Amino acid sequence: MLGIIAAVLFFISFLINAADIGTNDVFTSANVMLLGLTALALHVAGIGAGRTRHSNGRRPWSRS
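All of these numbers come straight from a predicted model, not from anything done at the bench.

What about the packing of helix H1 (residues 2-18) against helix H2 (residues 29-45)?
Argument step 1. Axis separation between H1 and H2 bottoms out at 8 Å; the angle between their running directions is 165°. Between H1 and H2, the angle is such that the two are roughly antiparallel. Crossing geometry of H1 relative to H2 is assigned as left-handed. When H1 is examined against H2, the residues Leu2, Gly3, Ile5, Ala6, Leu9, Phe10, Ile12, Ser13, Ile16 and Asn17 are found in contact with a partner set consisting of Ser29, Val32, Met33, Leu35, Gly36, Leu37, Ala39, Leu40, Leu42 and His43.
Argument step 2. In terms of residue class, the contact of H1 with H2 is built from 14 nonpolar, six polar and no charged.

Below, the structure written as structure tokens:
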């Protein structure tokens, strides 16, 4: 999910930069890009990933 959010933020940053849209100091293309990088870093770190729990509580590779 955070990977998709990062992609959307990168696209918004690209649009702000390419269209030369005048924004206030908070929503500059560099700030939106940094938010995208933060979301991407959290995604790579495994935060926000959908983790499922097995019904019997065992790991799938354990034999006992």
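A few points about the side chain of Ser13
Argument step 1. As for its placement among the helices and strands, Ser13 is situated in helix H1.
Argument step 2. Judged by relative accessible area, which is 8%, Ser13 ranks as buried.
Argument step 3. Sequence-distant contacts of Ser13, defined by excluding residues within four places in its chain, comprise Ser29, Val32 and Met33.

Examining H1
Argument step 1. An ideal rise of 1.5 Å per residue puts 24 Å on 17 residues; H1 measures up with 24 Å between its terminal C-alpha atoms.
Argument step 2. Those residues of H1 hidden inside the fold are in contact with H2.
Argument step 3. Asp20, located one to two residues past H1, shows a positive phi value of around 55°.

Examining H2
Counting along an α-helix, one turn takes 3.6 residues, and residues three or four places apart therefore face a common direction.
Argument step 1. Relative to the 24 Å expected for 17 residues at 1.5 Å per residue, H2 spans 24 Å between its end C-alpha atoms, a close match to the ideal helical length.
Argument step 2. For H2, the set of buried residues is Val32, Gly36 and Ala39. Angular distribution of buried residues about the axis of H2 spans 60°; they occupy a single face of the element. Among the exposed residues of H2, those pointing more than 90 degrees away from its buried face are Val44 and Ala45.
Argument step 3. Packed against the buried residues of H2 are H1.

What counts as what
- Residues numbered from 1 in each chain as written.
- Predicted model: local features only at pLDDT ≥ 70, side-chain atom pairs only at ≥ 80, totals over all residues.
- Heavy atoms only, no water.
- Axes fitted to C-alpha atoms, helices over the stretch in contact; angles between N-to-C directions.
- Helix = DSSP H or I, 4+ residues; strand = E, 2+ residues; numbered from the N terminus.
- Parallel < 35°, antiparallel > 145°, perpendicular 65-115°, else oblique.
- Left-handed = near helix turned anticlockwise from the far one by under 90°.
- Contact = heavy atoms within 4.5 Å.
- Nonpolar A, V, L, I, M, F, W, Y, C, P; charged D, E, K, R; others polar.
- Buried < 20%, exposed > 50% of the residue type's maximum accessible area, 1.4 Å probe, protein only.
- Expected span 1.5 Å × (residues − 1).
- Arc of directions from axis to C-beta.

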